[in-house]
Amino acid sequence: MKYYIKIVASFAVGALVIWVLFRGTDWREAYDTIRGANLGWLLLTQIPIWLSYFARIQRWSYIVRVGKPVSFRHMFSATHIGFLANFTLPLRIGEPIRALALSRLAGLRFTQSMAMVVLDRVTDLISLMPVLAVTLVTLPSIGRLELPPGTLRNANPIVFREGYVTTGAWGAMAFLVAVIAVLVLLYVNQRLVLRVSEAVLSRVSEKVSSSVRVLLSHFAEGLHIFRSASDMVKSIAFSLATWGLTLVAWVCMLNAFELAWPWYTVFVMQSFLAAAISAPGLPGLLGQFHLPIVIALLVCVPDISPSGAKAVAIVAHLLSFIPITIAGLFCLVRERMGLLELTRETAHLQEEAPQDA
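Bear in mind the structure is a predicted one, so any value in this text is a computation, not a measurement.

Conventions and cut-offs
Residues numbered from 1 in each chain as written. Predicted model: local features only at pLDDT ≥ 70, side-chain atom pairs only at ≥ 80, totals over all residues. Heavy atoms only, no water. Helix = DSSP H or I, 4+ residues; strand = E, 2+ residues; numbered from the N terminus. Salt bridge = Lys/Arg side-chain N within 4 Å of Asp/Glu carboxyl O. Axes fitted to C-alpha atoms, helices over the stretch in contact; angles between N-to-C directions. Parallel < 35°, antiparallel > 145°, perpendicular 65-115°, else oblique. Left-handed = near helix turned anticlockwise from the far one by under 90°. Contact = heavy atoms within 4.5 Å. Nonpolar A, V, L, I, M, F, W, Y, C, P; charged D, E, K, R; others polar. Expected span 1.5 Å × (residues − 1). Buried < 20%, exposed > 50% of the residue type's maximum accessible area, 1.4 Å probe, protein only. Phe/Tyr/Trp six-rings, centres within 6.5 Å; stacked < 30°, edge-to-face > 60°. Lys NZ or Arg CZ within 6 Å of the ring centre and 35° of its normal.

Visitor: Give a description of the environment of L21 that names residues and reports values.
Guide: Within the fold, L21 resides in helix α1 (residues 2–22). Separated by 132 residues in the primary sequence, L21 and R153 place their C-alpha atoms 8.1 Å from one another.

Visitor: An account of the pattern of salt bridges is needed here, citing residue identities and associated values.
Guide: Taken as a whole, this structure holds ten salt bridges when the rule is applied. Two residues, E335 and R334, come together in a salt bridge whose shortest N-O distance is 3.6 Å. Each of the salt bridges in this network shares a partner with another, and the network as a whole consists of R59, E95, R98, D120, R121 and D124.

Visitor: Quick one: what's the story with the packing of helix α5 (residues 72–88) against helix α14 (residues 306–334), residue by residue and with numbers?
Guide: Two packed helices can be described by the angle between their axes and the distance between those axes. As a packed pair, α5 and α14 sit with axes 8 Å apart at the nearest point and diverge in direction by 130°. Between α5 and α14, the angle falls in the class oblique. As for the relative orientation of α5 and α14, their crossing is left-handed in sense. Two secondary-structure elements touch here, α5 through R73, F76, S77, H80, I81, F83, L84, F87 and T88 and α14 through H317, S320, F321, I324, T325, A327, G328, L329, C331, L332 and R334. Counted by class, the contact of α5 with α14 contains eleven nonpolar, seven polar and two charged residues.

Visitor: Explain helix α12 (residues 265–277) to me, using residue names and the numbers behind them.
Guide: In this model α12 runs 18 Å from its N-terminal to its C-terminal C-alpha over 13 residues, within 8% of the 18 Å that 1.5 Å per residue would give. T265, V266, F267, V268, M269, Q270, S271, L273 and A274 are the residues of α12 that are buried.

Visitor: Requested: an account of the packing of aromatic side chains, with residues and values cited.
Guide: With the rule as written, the count across this model stands at eleven aromatic pairs. On the numbers, 5.8 Å between centres and 20° between planes, the contact of F22 with W27 is stacked. Plain terms: the ring middles of F87 and F321 are 5.7 Å apart, the flat faces sit at 35° to each other, and that makes the pair tilted. A residue pair is termed long-range when its members are at least 10 positions apart, and F87 in helix α5 and F321 in helix α14 qualify at 234 residues. Through a chain of ring-to-ring contacts, three or more aromatic side chains come together here, namely W50, Y53 and F83. Positioned above the aromatic ring of W19, the side-chain terminus of R23 is 4.6 Å from the ring centre. The aromatic ring of W243 is capped on one face by R56, whose charged end is 5.9 Å from the ring centroid.

The following block contains the structure:
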């Protein structure tokens, strides 16, 4: 019941975000902006997008193969089924669904597959740091950070205090470093991490403490990647390639709309988007995908209007959604799996996980 309440709440929040972002939009201007986009550049965005998917799979393969050799087909299917779930279902359930699909296809335990998914996300976050670093360096040079009137149906400009934005960015970097440090320490001295977590969380709730202990134990089982420096380096290299290809896709996107954009715009867009979609997902990432793109464009590109920025965000969302949907549905049919079936089983496995100790 709690799970379904979360789903309903997610849909409600998504509807609210969409309403706040798009109310008062000049749809004629947005339509003209989309209609005037260069089709050639829009088609070119698909090349780096698809290449980034293959780079992600290759990155994950260096983690998964430590536990058991897995074919490219099964890696491709598990990855894109997870992408499809993340892009269509709420609560970012795509990550555990990716783990479940891999465990089915490769004959791995779900907890082991889930640990490998977590490690893949950690590798992803490590490689995102250069993008965040560029954003941190360039934000002060942008000058006044504000959203013009009409962005959120506001009559006056919405001004962001530079100190708050920079502090938030540095805070995100510190959080990523802390997560990586905990995982490394978990591998080096598992008992110490478990003792500390139990001592701290048991004061809050014995149930929470027990659940976290089981989860940390399962994650420790999947940290074998740290035994191979070579595989770790290769995984990070392909992760860097993934983010590089994503930035290239943004370059194609901005060129399609013939915008006069500073070089750092794509870094700011990707940083804002990564921060927004790291939160529990809204259905289809509606609003959650669009809002950071709109804010980044209005902050970095002085000549773009709020309705024009929203038009770019809509097209970017569609161009990301189409390949994910095609690949995800193809993999579901080929592997004879159902998304609703995977969702129900994933929810059941997550509920039962604390009892596996």
